[in-house]
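# Secondary and tertiary structure notes
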There are 2 protein chains.
Amino acid sequence: MKLTSKGRYAVMALVDLARFNNLNPVSLRDISLRQGISLDYLEQIFSKLRKKEIVQSVRGTQGGYVLSKKAKEIKLTNILDAVDEKVKTLQCKKESKKGCNGRSTKCLTHNLWDELENHINNFFEKKSLDDLVKDNTEKRV
Amino acid sequence: MKLTSKGRYAVMALVDLARFNNLNPVSLRDISLRQGISLDYLEQIFSKLRKKEIVQSVRGTQGGYVLSKKAKEIKLTNILDAVDEKVKTLQCKKESKKGCNGRSTKCLTHNLWDELENHINNFFEKKSLDDLVKDNTEKRV
DNA sequence: TATATACTTGACTAAATTAGTCAGGTTTAT
DNA sequence: ATAAACCTGACTAATTTAGTCAAGTATATA
């Protein structure tokens, strides 16, 4: 089980953005340089973040991205959701009709994966972008 | 982020095994049929479980597998560890020397992934095979 | 208004991982 | 003897990941 780069990058980029957000739009180029993430890849990621209204774009020179909401209101769930980085533990949900509907001996562990999903999502619900920025500034002070 | 089939199968198979463990060794063929998992794949999985001393094999006719310890003493961590289904959130740990050692602005989110790892592992530490078997028998009664 | 900066979009691809299959074994109860 | 069951290693198709590449559009500013 792993968290993929796309999800990590999205969070890293947004923390970076949030720290400079007060003043001007932040360009992907800057984020790319600071965080060491490919610019082209960042563009893909921000396209998704924009569609989910987590960031807003400002075109043209001196353009870039700004947060659509306050950092406190952006939860990790929102970010990871936006880039399709969901927690998937159950296969049987997809093919809902077959097996795993309580009758058969299959999916002895159905409840377990549900619990796990909740457990993880709970973590993501609690953490806001603001929490992460604070964690970081505290550490450097 | 997803839990792969190997991990799910390992847990499913062991819950199945644990339920019949009292009497005789349980053959992979039976587990394969009951849980709908390919026999060949189960053999790979059980090879790993055996190496980590979670199960013991009994060869020959009427052979199969038995738990090495009591179900209460087998935690989910142990199972998932055995089949290499660890929680991997951080890439930067691998290439330890580069970046992410506190100096650079990289890895603003380092602590976050650590926290997440702990959060998930905590869940796996608490759950024992016995818990899962009980959950299941309770449900059917 | 020319131009550089920066966002926008879609197609493409190499590498890695996953989820197995396949083909051969060896062991042992009956 | 023989069938049931474990044991091992090599192989592979499909999927996912982590990008790259190309060709734009929008706009601040000199």
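Here, every reference points to the structure presented above.
Right, let's walk through the structure included here. (Residues numbered from 1 in each chain as written. Chains lettered and ligands numbered in written order. Predicted model: local features only at pLDDT ≥ 70, side-chain atom pairs only at ≥ 80, totals over all residues. Heavy atoms only, no water.)

### What to know about the protein's contact with DNA strand C
The environment of DNA strand C is made up of 27 residues, and the closest members are E43, R50 and Y65 of chain A together with S38 and Q44 of chain B. Close to the protein, within 4 Å, the atoms of DNA strand C are drawn from sugar and phosphate at a rate of 63%. Taking R59 of chain A, its side chain carries an N or O atom lying 3.4 Å from a base oxygen of DNA strand C. Take T61 of chain B: an N or O atom from its side chain is 3.4 Å from a base nitrogen of DNA strand C. Mapped by element, the contributors of at least two residues to the surface near DNA strand C are helix 2 (28–35), helix 3 (39–51), strand 1 (55–58) and strand 2 (64–67) of chain A together with helix 1 (5–20) and helix 3 (39–51) of chain B. (Near = heavy atom within 4 Å. Polar contact = N/O pair within 3.5 Å; in protein donor to acceptor, adjacent residues only side chain to side chain. Helix = DSSP H or I, 4+ residues; strand = E, 2+ residues; numbered from the N terminus.)

### Structural notes on empty space enclosed by the protein
Within the structure shown, the criterion is met by 2 cavities of 30 Å³ or more. Approximately 40 Å³ is the volume found for the largest cavity. Those elements that provide at least two residues to the lining of the largest cavity are helix 5 (110–126) of chain A together with helix 6 (129–140) of chain B. Among the elements that take part in the lining of the largest cavity, helix 6 of chain B stands out by supplying 3 residues, more than any other. (1 Å grid on protein atoms, 1.4 Å probe; cavity = no way out; pocket = protein on both sides within 12 Å on 5 of 7 lines; lining within 4 Å. Points joined across faces, edges and corners; volume = space filled by probe spheres on them.)

### Here we look at the side chain of D130 of chain B
Residues and elements named next belong to chain B. In this structure, D130 sits in helix 6. The class for D130 is buried, based on a relative accessible area of 17%. Not counting residues within four places of it along the chain, the set of residues in contact with D130 comprises A71 and K72. (Buried < 20%, exposed > 50% of the residue type's maximum accessible area, 1.4 Å probe, protein only. Contact = heavy atoms within 4.5 Å.)

### Describing the protein's contact with DNA strand D
Residues in close proximity to DNA strand D total 26 residues, the closest being S38, Q44 and R59 of chain A together with S57 and Y65 of chain B. Of everything in DNA strand D that lies within 4 Å of the protein, sugar and phosphate atoms constitute 58%. Contact distances for DNA strand D include 2.8 Å between a phosphate oxygen and a side-chain N or O atom of Y9 of chain A. Within the side chain of R50 of chain B, an N or O atom sits 2.8 Å from a phosphate oxygen of DNA strand D. Contributing elements (two or more residues each) for the surface near DNA strand D: helix 1 (5–20) and helix 3 of chain A together with helix 3, strand 1 (55–58) and strand 2 (64–67) of chain B. Taken together, the residues of the surface near DNA strand D break down into 6 nonpolar, 14 polar and 6 charged. (Nonpolar A, V, L, I, M, F, W, Y, C, P; charged D, E, K, R; others polar.)

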